[in-house]
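# Examining the three-dimensional arrangement
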Amino acid sequence: MIEIKHLKTLQSLSHCGSLAAAANHLHQTQSALSHQFSDLEHRLGFRLFIRKSQPLRFTPQGEILLRLAEQVLPLVQNALRECKEPGQTNLRIAIECHSCIQWLTPALKHFRETWPQVNVDFKSGVTFDPQPALLQRELDVVLTSDILPESHLHYTPLFDYEVKLVVAPDHPLANKLHIQPKDLIDETLMIYPVQRQRFDIWRRFLQPAGVAPTLKNVDNTLLLIQMVAARMGIAALPHWVVETFERQELVVTKTLGEGLWSRLYAAVREGEQYQPETDAFIHSARQHAIDNLPFVKGIAKLNVDDPRTTPQPTPHQW
């Protein structure tokens with residue numbers, strides 16, 4: 001009575017948020033898609049979603065079938081993949097943490113040596129928005145510090161890291177012990193070219209204090225650090241990113257307030273965190289980071305699969 005195409009259509013409707021957007025995503029007319037839903041609802045004997053609701057809302061029966069789609073479609077996709085490539089699996093990975101490439105590349109190398117049957121494809125770019133692509137099944141794993149609420153994604157914590165202010169050694173702020181928001185009023189803060197609300201220093205440090213320094217976009221981490229060293233501005237980066245440059249005395253890092261900590265997650269579609277290759281990659285990436293990155297904190301194992309909790313991290317010793 002209900003077919004795979006119906007499950008795909010339900011999933012698209014959930015991800016896109018409206019009938020018009022779902023029709024566009026499925027390359028159908030809105031009229032054709034509406035007719036398909038009406039026909040399916042007639043055969044099933046119940047409504048699947050509330051018409052003209054903003055935002056779109058599923059009925060209880062629709063929610064049940066949507067959960068079925070989230071469970072069944074990954075199994076179908078994996079089965080078809082195995083039919084086309086016996087013994088081979090693809091793992092498509094992307095990052096929203098633009099400085100994570102520094103440690104992710106060697107972590108990927110180690111994973112591929114351990115799992116040679118998995119074809120790893122990696123995507124990056126400051127203008128690329130990976131989490132919607134993950135929802136649309138264009139990716140399999142996204143490394144991110146942002147959690148999208150009610151997105152049907154599962155977030156596995158990897159590690160905690162401190163965001164530090166980065167300044168030139170001869171910058172006036174280099175002599176301050178703790179940086180307060182008002183200290184940055186007249187500064188030029190260099191950031192990656194994404195929405196400022198995505199940055200912890202803006203969302204959790206500057207905005208609550210009503211402070212808005214000048215912002216300058218820089219799309220390359222190495223260039224950004226070089227510009228800081230040349231007194232062209234300041235930046236806020238994970239401590240481990242600038243550790244090497246700080247040891248060379250090219251830059252100085254300062255604590256923001258009482259310490260601005262963030263958490264990196266591995267995001268996958270709900271239910272797919274248990275797939276062997278996905279689970280192996282997440283555990284391998286987490287362990288590689290904790291073993292090799294300075295100034296990060298591992299997360300208590302008991303809480304590792306529940307991003308809603310905020311466990312007290314265990315400092316990594318060096």
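Quick look at the structure, then. No experiment lies behind these values; they were computed from the predicted model shown.

Glancing now at the packing of helix α8 (residues 221-229) against helix α9 (residues 239-247). Orientation of α8 relative to α9, taken along the N-to-C sense of each, is 50°, at an axis distance of 12 Å. In terms of their interaxial angle, α8 and α9 are classed as oblique. Crossing geometry of α8 relative to α9 is assigned as right-handed. Contacts between α8 and α9 pair Thr 221, Leu 222 and Ile 225 from the former with Val 241, Val 242 and Phe 245 from the latter.

Any two side chains of opposite charge can pair, so long as their charged atoms come close to each other. Inspection of every chain in the model, using the stated rule, returns 16 salt bridges. With a closest N to O distance of 2.9 Å, Asp 140 and Arg 92 form a salt bridge. One end of the pair, Asp 140, is in the loop between α6 (130-135) and β5 (141-144); the other, Arg 92, is in strand β3 (residues 89-95), with 48 residues separating them in the sequence. Of the charged contacts in the structure, one is a salt bridge between Glu 113 and Lys 109, with a shortest N-O distance of 2.8 Å. Pair noted here: Glu 113 and Lys 109 are both in helix α5 (residues 101-114), with a separation of four residues, about one helical turn. The residues Glu 113 and Lys 109 share a single accessibility class, namely exposed.

Take the nonpolar core next. Among the nonpolar cores identified, the biggest contains 62 residues, and Trp 103, Phe 159, Leu 165, Leu 184, Ile 201, Trp 240 and Phe 281 are the most heavily contacted of them. For this core, the element with the highest residue contribution is strand β6 (residues 153-167), accounting for seven residues. Residues within four places of Ile 201 in sequence aside, it is in contact with Leu 165, Leu 184, Leu 189, Leu 206, Ala 236, Leu 256 and Leu 260. Counting 14 residues, the second-largest nonpolar core is a separate cluster that includes Leu 13, Phe 49, Leu 56 and Phe 58.

If you want to describe how two helices pack, look at the angle between their axes and the distance between the axes. Where α5 contacts helix α10 (residues 276-292), the axes come no closer than 9 Å and their chain directions differ by 130°. Relative to α10, the element α5 lies oblique. Considering the relative orientation of α5 and α10, their crossing is right-handed. Across from Trp 103, Leu 104, Pro 106, Ala 107, Leu 108, His 110 and Phe 111 in α5, the residues of α10 making contact are Glu 277, Ala 280, Phe 281, Ser 284, Ala 285, His 288 and Ala 289. The class makeup of the residues in the contact of α5 with α10 is 10 nonpolar, three polar and one charged.

Thresholds applied
Chains are numbered independently. Their residues run from 1 in the order of the written sequence. For a predicted model such as this one, the threshold for reporting local features is a pLDDT of at least 70, and the threshold for listing and counting side-chain atom pairs is 80 or more; totals across whole chains, interfaces and linings nevertheless cover every residue. In computing side-chain values, all of the structure's heavy atoms are included and hydrogens and water are not. Axes, fitted as lines to C-alpha atoms, cover a helix only where it is in contact. Angles between the N-to-C directions of the axes lie from 0 to 180 degrees. Strands are runs of DSSP state E lasting at least two residues, helices are runs of H or I lasting at least four, and both sets are numbered from the N terminus onward. Throughout this description, any angle smaller than 35 degrees is read as roughly parallel, any larger than 145 degrees as roughly antiparallel, any in the 65 to 115 degree range as roughly perpendicular, and the remainder as oblique. Handedness of a crossing is defined here by the sense of rotation of the near helix relative to the far one, left-handed for an anticlockwise turn of less than a right angle and right-handed for a clockwise turn. Contacts are assigned to residue pairs with any non-hydrogen atoms lying within 4.5 Å of each other. Every case where a carboxyl oxygen of Asp or Glu lies within 4 Å of a side-chain nitrogen of Lys or Arg is listed as a salt bridge. Three exposure classes are used, based on accessible area relative to the maximum for each residue type with a 1.4 Å probe and protein chains only: buried under 20%, partly exposed in between, and exposed over 50%. As used in this record, nonpolar core signifies buried Ala, Val, Leu, Ile, Met, Phe, Trp, Tyr and Cys residues forming a set joined through side-chain atoms within 4.5 Å. Here the term charged refers only to Asp, Glu, Lys and Arg, the term nonpolar to Ala, Val, Leu, Ile, Met, Phe, Trp, Tyr, Cys and Pro, and the term polar to all other amino acids, Gly among them.

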